[in-house]
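What follows is each chain in one-letter form.
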Amino acid sequence: MPGLAELWGKHVFHCPYCHGYELGKEGIGVLATSELAMHHGLMLPGWGATTLFLNDAFAPNAEQLAQLKARGTQVEYGAAARLNEQAEGVELVMQDDRMFPLVGVFVAPRIHLSPLIAQLGCELEESSMGSIVKTDAMQTTSIPGVFACGDIARAAGSVTFAVADGAMAGLAAHRTLMFGI
């Protein structure tokens, strides 16, 4: 969608825990790309007034609509056309020309792994956001001597998790080099 890539990390985000507090104002948007938008739509009202834009990507059932209503999440139907940067945030423009000023927009992106993962032959597992490399508690993959961490091995992209997983992978790699474990 026009504007999404240009505003990524500035006004477009994926993690409420990482960015919800900073936006804790009126006008938080959730742009649906799948049913996973329910997660954001139910979580973000804790940080501010939230609108879930269904974007013709997801149609909540009656139970889901009741959950959204109970959390105070507004629901907007129709497809989004573009995002425009504004002085105080972003403007979401719908295909029918309705415009919504927002402080930020959350989306649930899909994970796309590097072709290197396929070349290595690492076993994958499906997550709610796409395929990730399957690892054990030490970040060991199905290929001896290959370790994975961060966004390729965890669906919940977070710098904190990536650093912790990277530290564990480094420890495991060192241990393998020293002891052949």
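Conventions adopted
Along each chain, residue indices are assigned from 1 in the same order as the chain's sequence is written. Predicted model: local features are reported for residues with pLDDT of at least 70 only, side-chain atom pairs are reported and counted for 80 or more only, and whole-chain, interface and lining totals are derived from all residues. Only hydrogens and water are set aside when side-chain values are computed; all heavy atoms of the structure are taken into account. Numbered from the N terminus, helices here are DSSP runs of H or I no shorter than four residues, and strands are runs of E no shorter than two. Accessibility here uses a 1.4 Å probe with only protein chains present; expressed as a share of the type maximum, an area under 20% marks a residue as buried, one over 50% as exposed, and anything in between as partly exposed. Residue contacts are counted whenever heavy atoms from the two residues lie within 4.5 Å of one another. Residue burial considers only the protein chains on display, and all accessible areas are found by Shrake-Rupley using a 1.4 Å probe. By the counting scheme adopted, Arg and Lys are positive, Glu and Asp are negative, and His together with the chain ends is not counted. Charge coordinates come from a single atom per side chain, which is NZ of Lys, CZ of Arg, CG of Asp or CD of Glu. Pairing of aromatic side chains requires ring centres within 6.5 Å, counting the rings of Phe and Tyr and the six-membered ring of Trp. Pairs whose planes differ by under 30 degrees are stacked, by over 60 edge-to-face, and all others tilted. Charge-over-ring contacts are defined here by two conditions on Lys NZ or Arg CZ: a distance within 6 Å of the ring centre and an angle within 35 degrees of the ring normal. A pair of strands is labelled paired if DSSP reports no fewer than 2 bridges between them. To get an axis, a line is fitted to the C-alpha atoms, and for a helix only the part in contact is used. The angle between two axes follows their N-to-C directions and goes from 0 to 180 degrees. Site definitions follow a grid-based scheme: protein atoms alone, a 1 Å grid, a 1.4 Å probe that fits but cannot get out for cavities, and for pockets an open set with protein on both sides within 12 Å along at least five of seven lines, plus lining residues having an atom within 4 Å of a point. Grid points are joined across faces, edges and corners, and a volume is the space filled by probe spheres set on the points. Gly is placed with the polar residues, together with every amino acid not listed as nonpolar (Ala, Val, Leu, Ile, Met, Phe, Trp, Tyr, Cys and Pro) or charged (Asp, Glu, Lys and Arg). As used in this record, nonpolar core signifies buried Ala, Val, Leu, Ile, Met, Phe, Trp, Tyr and Cys residues forming a set joined through side-chain atoms within 4.5 Å.

Student: I would appreciate a short explanation of the overall build of the chain in the present structure.
Tutor: Looking only at helices and strands, the chain has 6 helices and 10 strands in total. With the principal axes as the frame, the chain shows a C-alpha extent of 60 × 35 × 30 Å. Looking at the chain as a whole, 39% of its 181 residues qualify as buried. Contacts in the chain between residues far apart in sequence, at least 24 positions, make up 44% of those at least 6 positions apart. Roughly 10,000 Å² of accessible area belongs to the chain as shown, and the carbon and sulfur atoms make up 58% of that amount. Taking the 10 positively charged and 18 negatively charged side chains of the chain as two groups, their mean positions are separated by 4 Å.

Student: What is the right way to look at the environment of glutamine 119 in this model?
Tutor: Following the sequence through the fold, glutamine 119 ends up in helix α5 (residues 115-120). Classification of glutamine 119 by relative accessible area gives exposed; the value is 66%. It is 33 Å that separates the C-alpha atoms of glutamine 119 and phenylalanine 106, two residues lying 13 residues apart in sequence.

Student: Just to check I follow, could you spell out the packing of aromatic side chains for this structure?
Tutor: Enumeration over the complete set of coordinates arrives at 3 aromatic pairs. With a centroid separation of 4.9 Å and 70° between ring planes, the pair formed by phenylalanine 53 and phenylalanine 100 is classed as edge-to-face. Placement of the pair is phenylalanine 53 in strand β3 (residues 50-53) and phenylalanine 100 in strand β7 (residues 99-102), with a sequence separation of 47 residues. Accessibility assignment for this pair places phenylalanine 53 and phenylalanine 100 in one class, buried. Sitting over the face of the ring of phenylalanine 161, arginine 154 holds its NZ or CZ atom 4.5 Å from the ring centroid.

Student: What am I meant to see in the sheet that holds strand β4 (residues 74-76) here?
Tutor: The strands making up a sheet are joined through hydrogen bonds of the backbone, oriented either antiparallel or parallel. The strand order across the open sheet built from 5 strands is β1-β8-β2-β3-β4, with neighbouring strands paired in parallel fashion. Edge positions in the sheet fall to β1 (12-13) and β4, since each has one partner strand and no second. By the bridge criterion, 2 bridges tie β1 to strand β8 (residues 104-106) in an arrangement that is parallel. Bridge assignment links phenylalanine 13 to a residue of β8, and that residue is phenylalanine 106. In this fold helix α2 (residues 16-23) packs onto β1, β2 (28-31) and β8, with an angle of close to 155° to the strand it touches most, β8.

Student: Mind showing me how you'd approach the sheet that holds strand β6 (residues 89-94) here?
Tutor: Across the sheet, which stays open at both edges, the 3 strands sit in the order β5-β6-β7 with antiparallel pairing between neighbours. Each edge of the open sheet carries a strand with a single partner, namely β5 (80-86) and β7. Each neighbouring strand pair of the sheet contributes to a mean axis angle of 20°, computed without reference to strand direction. Relative to β6, β5 runs antiparallel, the two sharing 6 bridges. For leucine 83, the partnering residue across the bridge sits in β6 and is leucine 92.

Student: Looking at this model, I keep getting lost on the layout of surface pockets. Mind explaining?
Tutor: Here the idea is plain: a probe the size of a water molecule rolls over the atoms and shows the empty space left. Roughly 260 Å³ of internal volume is contained in the largest pocket. Along the walls of the largest pocket sit 18 residues, with His14, His39, His40, Met129 and Ala156 positioned nearest its centre. Contributing elements (two or more residues each) for the lining of the largest pocket: α2 and α3 (37-43). When residues of the lining of the largest pocket are assigned to their parent elements, the largest contribution, 3 residues, is made by α3. Classifying every residue of the lining of the largest pocket by side-chain character gives 12 nonpolar, 6 polar and no charged.

Student: In this structure, what is going on with the nonpolar core? I would like to understand it.
Tutor: Among soluble globular proteins, nonpolar side chains are generally buried collectively. By size, the foremost hydrophobic cluster in this structure holds 14 residues, and its most contacted members are Leu23, Ile28, Leu52 and Phe106. If you list the elements that add at least two residues to this core, you get β2 and α3. Leave out the neighbours within four places in its chain, and leucine 23 touches Phe13, Ile28, Val103, Gly104 and Phe106.

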